[in-house]
Amino acid sequence: MTALERYNRAFAEPKRISFDYDETLTQAKEIARNWIRKGAEVYIISARHDKSAMLKTAADLGIPASRVYATGSNKSKIEIIQKLKIDKHYDNNPDVIKQIGVRGELWINK
């Protein structure tokens, strides 16, 4: 990657945004809507075992069911975030944020 490509990537708007579900997206729906309005691909990536309860929220926000992941564990959630090349992930779990590094945004109910 050239210096210019690194610069452009560092200052570009994120293209792929993901949210943990419980205590994050459930409280940050307006932030998700703003990213969707900006043209970002928004995902829901949760450590839940079943995604069925998250699908209504996804539909209300306009997030396709194919972008909703119930990974079953935080370890698997981190792997999916990396595999999907998520640019920014919102989560209320500081351990998850620590492991994904600069892509992570700690969500604290504001």
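Calculation notes
- Residues numbered from 1 in each chain as written.
- Predicted model: local features only at pLDDT ≥ 70, side-chain atom pairs only at ≥ 80, totals over all residues.
- Heavy atoms only, no water.
- Helix = DSSP H or I, 4+ residues; strand = E, 2+ residues; numbered from the N terminus.
- Buried < 20%, exposed > 50% of the residue type's maximum accessible area, 1.4 Å probe, protein only.
- Contact = heavy atoms within 4.5 Å.
- Pairing = 2+ DSSP bridges.
- Axes fitted to C-alpha atoms, helices over the stretch in contact; angles between N-to-C directions.

Structural notes on the overall build of the protein chain
Here is step 1 of the chain: If you tally the helices and strands in the protein chain, you get six helices and five strands.
Here is step 2 of the chain: Listed N to C, the secondary structure of the protein chain is α-β-α-α-β-α-β-α-β-α-β in terms of helices and strands.
Here is step 3 of the chain: The 110 residues of the protein chain split such that 35% are buried.
Here is step 4 of the chain: Pairs at least 24 apart in sequence give 55% of the contacts found in the protein chain among residues at least 6 apart.

Focus on the sheet that holds strand E5 (residues 104-106)
Here is step 1 of the chain: Judged by pairing direction, the sheet is parallel, and its five strands sit side by side in the order E3-E2-E1-E4-E5 without closing on themselves. Strand pairing shows two members of the sheet lacking a second neighbour, strand E3 (68-70) and E5, which therefore form its edges. Averaged over neighbouring strand pairs, the angle between their axes works out to 20° when direction is ignored.
Here is step 2 of the chain: As defined by bridge partners, strand E2 (residues 41-46) adjoins E3 across three bridges and the pair is classed as parallel. Within E3, the position partnered with Ser-46 by the bridge is Ala-70.

Distances and angles like these do not, on their own, reveal function.
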